[in-house]
2 protein chains.
Amino acid sequence: MTKQPSFLYNNPDVLRHTIHDAGTRTLQCGVTLPEVRLAYQTYGTLNADASNAVLVCHALTGDQYLLGTHPLTGKEGWWHTMIGPKKAIDTDRFFVICSNVLGGCAGSTGPLSLNPATGKEYGIDFPTVTMRDMVQMQYDLIRGLGIQQLAAIIGPSMGGMQALQWGSTYPHAARHIILLATSHRHSAQNIAFHEIGRQAIMADPDWHGGRYRDFGVIPRRGLAVARMTGHVTYMSEQTLQRRFGRSLQDRTQLSYGFDADFQVESYLRYQGSTFVDRFDANSYLYMTRATDYFDLAFDHGGVLAKAFSGQTRYHVISLSSDWLFPTAGMRQIVKALNASGHAVSFVEIQTHRGHDAFLLNEPDVMQTLSSCFGTV
Amino acid sequence: MTKQPSFLYNNPDVLRHTIHDAGTRTLQCGVTLPEVRLAYQTYGTLNADASNAVLVCHALTGDQYLLGTHPLTGKEGWWHTMIGPKKAIDTDRFFVICSNVLGGCAGSTGPLSLNPATGKEYGIDFPTVTMRDMVQMQYDLIRGLGIQQLAAIIGPSMGGMQALQWGSTYPHAARHIILLATSHRHSAQNIAFHEIGRQAIMADPDWHGGRYRDFGVIPRRGLAVARMTGHVTYMSEQTLQRRFGRSLQDRTQLSYGFDADFQVESYLRYQGSTFVDRFDANSYLYMTRATDYFDLAFDHGGVLAKAFSGQTRYHVISLSSDWLFPTAGMRQIVKALNASGHAVSFVEIQTHRGHDAFLLNEPDVMQTLSSCFGTV
């Protein structure tokens, strides 16, 4: 038995999480979950008529800590570049809300939560969650905060899937929906890369059929390989080439062995090894499954345009070098929104930084979001 | 202890391999290997003046069995579509040779070979091999067969790297060199995907630090994940979408679990699971390392044109949807060959089938190779 790993949720600092109690909920898979809780953070001040609220939906491995020092990792929140006083999403104007998704591992109900029926963590017995489930819990949170209509919902990547689901399920819930580097459904290649990650986790004997918490271990090696795989898809070929190329790591010549000779190898190993300390392996399985399952066209007889009604204004933003969610796929969303009579703007941001550009200090992303929120 | 796995090399049918003894050889890494052997096959008949010999160099996980029934797997040889009587590489005209590369696992000296110094298999103690090492052994084989000059050398993928190395190291060894879906050096993204595969193998506890043969096991799960990762890079996004899309496997609705719901998941799992019975995990490490290390420009002061001399005619063929070795990279080879004064033809074959198109029954590939060999 090795030392019990410390996860966000199990850390004493969990007490710092703000919790919304969503009660007993039946999920899309048919399972009823008791005592569903969402951990969330807010930034800025809700105005008197509760009309300035912006919901931010986080990506696959994100959480509710958008800015400021993350209470557990000590790093800055994942969207501090974009949100804050006088920033693209201006917290002097807006009341910004972000909650950890259902099935996540940063305080919301998920595989690391205690099952009230057994007193033990759910682990792999946690039910499969969908984008619709995640959004239903968020809806409950928003209503709980006394907000009838959001000024805007914005989401990058998996967050954009949630924003799309919001637009479909609750067509009057937001005046604006901003979709960034996302898709209305995963391609076969997207599913393939996620499946590689899942197989890497489940192949690790320390996964123990999903019951690794009982054994005091985590499937560290498998989760690291899964993260490495994901990470390569978040970066463009050009960025990898510009940033690393074939440069060697801490050496002037090849080692003729299996060390990390190349900088890109060293970088990926580092990305994998640090991820395992901040993210739960089962939660990674559930998050990747939720994104693979998401198919807003299928849910509407194969016609995406039928997913949308209401008067919401949409803003669709793609990243030119994003090969995970290419511009062509986002154009399909624009077409469907046009076909369903919605006001929709579309921008393709020119960047060589791939999918991850939404996280980075990329001026064009900031300016584009700033323009969007200028109309909100 | 589970049953000792049966590899090609250890199978009694190994006796069917034709072996060339290359003697004691010092490799690029500085290590001297005794008793180096190459397993090879030939097809067609060598003519009286030994002027009709064509060397085929195989790809990462290929072997010397080009056509006919593979003696061990029972399947057809990997390039039966392209080689045979009246085919693109016509065995009525040409004497075709293919040898398993040094470091491989189909009969040539590699990690599965016995180290004469210890009487045990080399395993992970096998020295790192390079493209130059592989080609030097092939040169010895060709000379051993009494051939002074090859009519042509052809190689797809890693085979193309060997063909490039041949052109550089032995500029008068062939009248024609045909490069198909290859590169003169791996990009950072290529290295990244290989590193994911290596980390998956080495993360498997059954790898046992590379000494799994001592434990009677193979790192089955890690090697399967490595193969899945490789396989996704061999297929284009479009092929995955056309062939699988989001179709479900043997079911009409989602399972809400972690089974292979999608056909693409089932397909990849199958590719992974069948690979482990035909390929040695350590050999996979050595092959991926050799391709990552290959950099013909670096070897010539960063100027690829300096790699080439002599009068060889080059034929460069790229595949439009190959994102592993894109056309842009192959154009760099063409430019370098032009700059060094070589006769060179260039064709980009339009196909949606990605890198793997060279293996498939793709009429344009056959016609292009047929045209090439019409000039040989």
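What counts as what
- Residues numbered from 1 in each chain as written.
- Chains lettered and ligands numbered in written order.
- Predicted model: local features only at pLDDT ≥ 70, side-chain atom pairs only at ≥ 80, totals over all residues.
- Heavy atoms only, no water.
- Least-squares fit on C-alpha atoms with pLDDT ≥ 70 in both.
- Contact = heavy atoms within 4.5 Å.
- Buried < 20%, exposed > 50% of the residue type's maximum accessible area, 1.4 Å probe, protein only.
- Helix = DSSP H or I, 4+ residues; strand = E, 2+ residues; numbered from the N terminus.
- Pairing = 2+ DSSP bridges.
- Axes fitted to C-alpha atoms, helices over the stretch in contact; angles between N-to-C directions.
- Phe/Tyr/Trp six-rings, centres within 6.5 Å; stacked < 30°, edge-to-face > 60°.
- Lys NZ or Arg CZ within 6 Å of the ring centre and 35° of its normal.
- Lys, Arg positive; Asp, Glu negative; His and termini not counted.
- Salt bridge = Lys/Arg side-chain N within 4 Å of Asp/Glu carboxyl O.
- Polar contact = N/O pair within 3.5 Å; in protein donor to acceptor, adjacent residues only side chain to side chain.
- pLDDT = per-residue confidence, 0-100.
- Buried area = accessible area lost by both parts, 1.4 Å probe.
- Nonpolar A, V, L, I, M, F, W, Y, C, P; charged D, E, K, R; others polar.
- Domains from an automatic or database assignment.
- 1 Å grid on protein atoms, 1.4 Å probe; cavity = no way out; pocket = protein on both sides within 12 Å on 5 of 7 lines; lining within 4 Å.
- Points joined across faces, edges and corners; volume = space filled by probe spheres on them.

### Focus: the relation of the copies chain B and chain A
Rotating chain B by 180 degrees and moving it 0.0 Å along the rotation axis overlays it on chain A with an RMSD of 0.0 Å. Both chain copies can therefore be described as sitting about a two-fold axis. Take the interface residues of chain B: 100% of them recur as interface residues in chain A, which is what a same-surface contact looks like.

### Details of the pairing of strand β6 (residues 95-99) of chain B
All names here are of chain B. Across the five residues of β6, five count as buried, placing the element largely inside the fold. What you see with β6 is no split at all: F95, I97 and S99 on one side and V96 and C98 on the other are buried throughout. Bridging between strand β2 (residues 32-43) and β6 involves four bridges; their strand directions are antiparallel. Each bridged residue has a counterpart across the sheet, and for Y43 the counterpart in β6 is V96. Across four bridges, the pairing between strand β3 (residues 53-56) and β6 is parallel. Directly across from V56, in β6, lies its bridge partner C98.

### A few points about the sheet that holds strand β1 (residues 18-26) of chain B
All names here are of chain B. With mixed pairing, eight strands are arranged side by side in an open sheet as β1-β2-β6-β3-β9-β10-β11-β12. This sheet does not close on itself; its edge strands, each paired only once, are β1 and β12 (344-349). Neighbour to neighbour, the strand axes of the sheet diverge by 20 degrees on average, direction disregarded. Of the strand pairs in this sheet, β3 and strand β9 (residues 150-156) are connected by three bridges, and their pairing is parallel. Bridging across to β9, V56 finds its partner in I154. Along the sheet, helix α2 (residues 158-169) contacts β3, β9, β10 (174-180) and β11 (313-319); its crossing angle with β9, the most-contacted strand, is approximately 140 degrees.

### Topic: the packing of aromatic side chains
The relative placement of two aromatic rings is captured by the distance of their centres and the angle of their planes. Under the defined criterion, the tally for this structure stands at 34 aromatic pairs over all chains. An aromatic cluster is present here, built from Y122(A), F126(A), Y286(A) and F258(B) joined pairwise through their rings. The ring of F275(A) has R227(A) sitting right over it, with the charged end atom 4.3 Å from the ring centre.

### Thoughts on the side chain of D133(B)
Residue and element names in this part refer to chain B. Examined against the element boundaries, D133 turns out to sit in helix α1 (residues 131-144). Buried charged residue D133 carries no salt bridge. Nearest counter-charge: R132, at 6.7 Å. One polar contact links the side chain of D133 to the main-chain amide nitrogen of Q28, over a distance of 2.9 Å. The contact partners of D133, leaving out residues within four places of it in the chain, are L27, Q28, L102 and T128.

### A short note on the confidence of the model for chain A
Residues and elements named next belong to chain A. Mean pLDDT over chain A: 94, with 96% of residues reaching 70 or higher. Per-residue pLDDT stays below 50 along residues 1-5; that stretch engages in 12 contacts with residues further than four places along the chain or on separate chains. Reported confidence for the predicted complex is 0.94 by ipTM and 0.95 by pTM.

### Topic: the pairing of β1(B)
In this sheet, β2(B) lies alongside β1(B) in antiparallel orientation, the contact comprising seven bridges. When the sheet's bridge partners are listed, G23(B) is paired in β2(B) with V36(B).

### Concerning the interface of chain B and chain A
With 52 residues of chain B at the interface, the matching set in chain A holds 52 residues. Each partner contributes to the roughly 4600 Å² buried at the junction of chain B and chain A, and carbon and sulfur atoms together form 67% of this total. For chain B, the biggest contributors to the area lost against chain A are R246(B), Y256(B) and F258(B); these three give 19% of the whole. For the interface between chain B and chain A, the tally reads 10 salt bridges. With 12 residues, the single largest contributor to the side of chain B that touches chain A is helix α3 (residues 188-203) of chain B. Split by residue class, the side of chain B that touches chain A holds 27 nonpolar, 12 polar and 13 charged.

### Re the domain arrangement of chain A
Residue and element names in this part refer to chain A. Here the domain parsing of chain A yields domain 1 (12-186 + 295-374) and domain 2 (191-287). Opposite the 29 residues of domain 1 that make contact, domain 2 presents 29 residues. The partner of D125 in a salt bridge is R211, and the shortest N-O contact between them spans 3.1 Å. For the interface between domain 1 and domain 2, the tally reads 13 residue pairs in polar contact (both at pLDDT 80 or more).

### Concerning empty space enclosed by the protein
One pass over the full model with this rule turns up four cavities of 30 Å³ or more. Volume-wise, the largest cavity comes out at about 100 Å³. Along its surface, the largest cavity is lined by 14 residues, and A200(A), A203(A), G222(A), A200(B) and A203(B) are the ones closest to its centre. At the level of secondary structure, the elements contributing two or more residues to the lining of the largest cavity comprise α3 (188-203) and α4 (220-234) of chain A together with α3 and α4 (220-234) of chain B.

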